[in-house]
Amino acid sequence: MTAQKQNGTGARPSRAGGALAGAAAALAAWGAGEAAAAALSVSSPLVAVGDAVVDLSPSRLTEAAIAVFGLYDKAVLLGGTALVLVVAAVLLGPAALRRPAFGLAAVGGLALLGAAAVLLRRGDGAAALLPVAAAAAAAAAVVAVLARLHRGARTGGGEQPDEGAPAGERPAPDRRRFLAAGAAAAGVGALLGAGGLASAGSGGAARARNALRLPAADAPLPPLPRGAELGVRGLTPFTTPNRDFYRIDTALTVPRIDPAEWTLRIDGMVDHPVELDYDALLRLPLVEADTTLTCVSNQVGGDLAGNARWLGVRLADLLREAGVHSGADQVLSASSDGWTCGTPTELVLDGREALLAVGMNGEALPFRHGFPVRMVTPGVYGFTGSTKWLTRITLTRFADRRAYWAERGWAVRAPVKTMSRIDVPGPLDRLGAGPATVAGVAWAQHRGVAAVEVSVDGGGWTEAGLAEVPGIDTWRQWRAEVGLSPGRHTLRVRVTDGTGAVQTAERADPVPDGASGRHSVQVIAE
Ligand SMILES: Nc1nc2c(c(=O)[nH]1)N[C@H]1C(S)=C(S)[C@@H](COP(=O)(O)O)O[C@H]1N2
Ligand SMILES: [Mo]
């Protein structure tokens, strides 16, 4: 209060003006950063900072965030990062208006943080520093201009101090210019940012993907057996449509790689390093494979699994061409954004259809699922065999290099655990007492599903009927008929895999190598 009285120009208007200046500078910086990032096809400073937050967070925290926010964790993180930036700018604004040097120093400090985040991220190289520079330049210009106009507004108007002007009186011309300039900076920033986001989404990679016609497989599979679908309402379809396929990755924004710019390098413990581009890859023999992918984070009864017919090149063919040294027990694959994955070499070479996939269910891979090229390795959880946006494969030893999740406490070797799930009926469904259909899917990739059984209230096991499957690498639909007396019942399922091993009842959490236990569903018969 005393401060306001002493200073005729008033702390209050200065604070409001400062907040405006801060917000305008933040918007201008965001817009310039997004626009520059879109023009250079690199990630924006905001995304780089969000990525750095993920990378630097303890993995327990990121896992908790994924558990709480589910698939929206990326939106939450980017929104949160933007919010922190705006709040910081609004709080710093008043001081920046009073002392422009302080404002410029604050912009410089934030720019350094942004640059550090970009460098930490590795993915796009030094070009991603340019959007940070553009953002900083925009913010600095806005701060400098607004500080100048603000001083003019306070002193230039002379006889008319900001505070105490009678209501309805027109603001001094300099004050109006200050407001107009602030609004203009914010508006231009918003437009640039929106334009940048939109054009990043519709750039060359999207056009290239739309124009792409994948060749047919040299060794096409027969159509799926008719009996793959049991036709039970509510049962998970055998083939997961691409738009419904679960998505799990650490990428804050989906990489959009133009296939014309894609290359794959195979190096490390090999006789001849291999480098090939997309056209060269498509000229190699193409095969199809029906493979069910499962995420290690899937809970018992969870839905982080999906099945597709993949089109691609056998990784084993390429490894043989490269000549793998004995002792190279790990195929360490990396994505364009620096994520890594370690797959046992012996699994890739043991005859299973470990693919460098380019197609998924009859179309080019969707961007979200790894366009233009991803790995698909049957029998292991995704984090140890299905690198999306694949750009590099290094033959190495497990003893020498650790992949992304192995470094964070997850298993190094992670075969998919034998698992079954009840889809029908749903939890707490009310059914008519009497005969009831129970149905679901079961999987034991690369061992196959041999039998599924259902029990009611811990009684004896009833054998389920099994759908047909094209091979041992997919899940399998099953269906059983049970009798239910009136009342509440617990339905439980277990599967026997192709080696004769029965799914364990022992419960385990997803960390470190996948959940186990038997899925059960409670229903009410009446
Ligand atoms: N580049 C990259 N590839 C990745 C991941 C990732 O974080 N980055 N996650 C893996 C994990 S944990 C799983 S389960 C599968 C999921 O593949 P999908 O999103 O196509 O279902 O992708 C794998 N490939
Ligand atoms: Mo996963």
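See above for the structure.
Per chain, residue numbering runs from 1 following the sequence as it is written. Chains and ligands are labelled by the order in which they are written, letters from A for the one and numbers from 1 for the other. Local features in this predicted model are restricted to residues whose pLDDT is 70 or higher, and side-chain atom pairs enter the listing and the counts only when it is 80 or higher, whereas totals over whole chains, interfaces and linings include all residues. Heavy atoms throughout the structure, all of them, feed into the side-chain values; hydrogens and water do not.

### Regarding the pairing of strand β18 (residues 487–497)
Thinking step 1. Each residue's exposure class comes from its accessible area (1.4 Å probe, protein chains only) as a fraction of the maximum for that residue type: buried when under 20%, exposed when over 50%, partly exposed otherwise. Runs of H or I in DSSP of at least four residues are treated as helices and runs of E of at least two as strands, each being numbered from the N terminus. Among the 11 residues of β18, 8 are classified as buried, and the element is accordingly described as predominantly covered.
Thinking step 2. One ladder, built from 7 bridges, connects strand β14 (residues 449–456) with β18; its direction is antiparallel. Paired with V454 across the two strands is V493, which belongs to β18.
Thinking step 3. Summarising the sheet, β18 and strand β19 (residues 520–525) pair through 6 bridges and their orientation is antiparallel. Bridging across to β19, R488 finds its partner in I524. Between any two strands, at least two bridges found by DSSP are needed for them to pair.

### Considering the pattern of salt bridges
Thinking step 1. The term salt bridge refers to a pairing of a side-chain nitrogen on Lys or Arg with a carboxyl oxygen on Asp or Glu at a separation within 4 Å. Summed over all chains, the structure comprises 19 salt bridges.
Thinking step 2. Here D267 and R265 are joined by a salt bridge, their closest N and O atoms 3.2 Å apart.
Thinking step 3. Take R265: its relative accessible area is 33%, and that puts it in the partly exposed class.
Thinking step 4. The residue E346 makes a salt bridge to R413 at a minimum N-O spacing of 3.6 Å. Within this pair, whereas E346 is found in helix α12 (residues 345–349), its partner R413 is found in the loop between β10 (390–396) and β11 (419–424), the two being separated by 67 residues in sequence.
Thinking step 5. Judged by its relative accessible area of 40%, R413 falls in the partly exposed class.
Thinking step 6. Three or more residues are tied together by salt bridges with common partners; here these are R265, D267, E275 and R392.

### So, the sheet that holds strand β15 (residues 461–463)
Thinking step 1. Read from one edge of the open sheet, 5 strands run β12-β19-β18-β14-β15, paired in mixed fashion. Unpaired on one side and paired on the other, β12 (430–431) and β15 mark the two borders of the sheet.

### Some points on a nonpolar patch on the surface
Thinking step 1. Exposure above 30% relative accessible area and the lack of any salt bridge qualify a residue for a patch; like charges then connect within 9 Å, and the nonpolar side chains Val, Leu, Ile, Met, Phe, Trp and Tyr within 5 Å. Surface accessibility in these figures is a Shrake-Rupley result with a 1.4 Å probe; residues are shielded only by whichever protein chains are displayed. On the surface, a cluster of nonpolar side chains totalling about 320 Å² of accessible area is made up of L83, V87 and L91.
Thinking step 2. Position of L91 relative to the elements: it lies in helix α5 (residues 73–98).

### A word on empty space enclosed by the protein
Thinking step 1. The rule is simple: put a 1 Å grid over the protein atoms alone, call a set of points where a 1.4 Å probe fits but cannot get out a cavity, call an open set with protein on both sides within 12 Å along at least five of seven lines a pocket, and count a residue as lining if it has an atom within 4 Å of a point. Grid points are joined across faces, edges and corners, and a volume is the space filled by probe spheres set on the points. Under the criterion given, the structure shown has 3 cavities of 30 Å³ or more.
Thinking step 2. When its volume is computed, the second largest cavity comes out at roughly 80 Å³.
Thinking step 3. Residues are grouped as follows: Ala, Val, Leu, Ile, Met, Phe, Trp, Tyr, Cys and Pro are nonpolar; Asp, Glu, Lys and Arg are charged; every other residue, Gly included, is polar. A per-class count over the lining of the second largest cavity returns 6 nonpolar, 3 polar and 2 charged.

### Some words on the nonpolar core
Thinking step 1. The definition of a nonpolar core used throughout is a set of buried Ala, Val, Leu, Ile, Met, Phe, Trp, Tyr and Cys residues joined through side-chain atoms within 4.5 Å. Formed by 51 residues in total, the largest nonpolar core has its most connected members in I266, L281, W310, L356, I393 and L395.
Thinking step 2. Ranked by the residues each element gives to this core, the list is headed by strand β7 (residues 355–360), at 5 residues.
Thinking step 3. What makes two residues a contact is simply this: any of their non-hydrogen atoms within 4.5 Å. Other than its neighbours up to four places away in sequence, L395 contacts I266, D267, G268, M269, V270, L319, V324, A328, Q330, V331 and T345.

### Quick notes on helix α3 (residues 45–56)
Thinking step 1. Here a helix's expected span is defined as the number of its residues, less one, multiplied by 1.5 Å. Between its terminal C-alpha atoms α3 stretches 16 Å, which fits the 16 Å expected from 12 residues at 1.5 Å a residue.
Thinking step 2. Of the positions making up α3, those classed as buried are P45, L46, V47, A48, G50, D51, A52 and V54.

### Description of the sheet that holds strand β13 (residues 434–443)
Thinking step 1. On the basis of which strands lie adjacent, the open sheet formed by 4 strands has the order β11-β13-β17-β16 and antiparallel pairing. What marks the edges here is a single partner per strand, and that holds for β11 and β16 (465–466).
Thinking step 2. Pairing analysis gives 9 bridges linking β13 to strand β17 (residues 476–484), with the strands arranged antiparallel. Of the residues in β17, the one forming a bridge with T437 is E481.

### Overview of helix α11 (residues 315–322)
Thinking step 1. L315, A316, L318, L319 and A322 are the residues of α11 that are buried. All buried residues of α11 lie within an arc of 160° about the axis, which places them on one face of the element.
Thinking step 2. Immediately downstream of α11, the backbone of G323 shows phi near 75°, a positive value. As used here, the arc belongs to the directions running from the helix axis to the C-beta atoms.

Everything listed here is a matter of geometry and, on its own, says nothing about what the molecule does.
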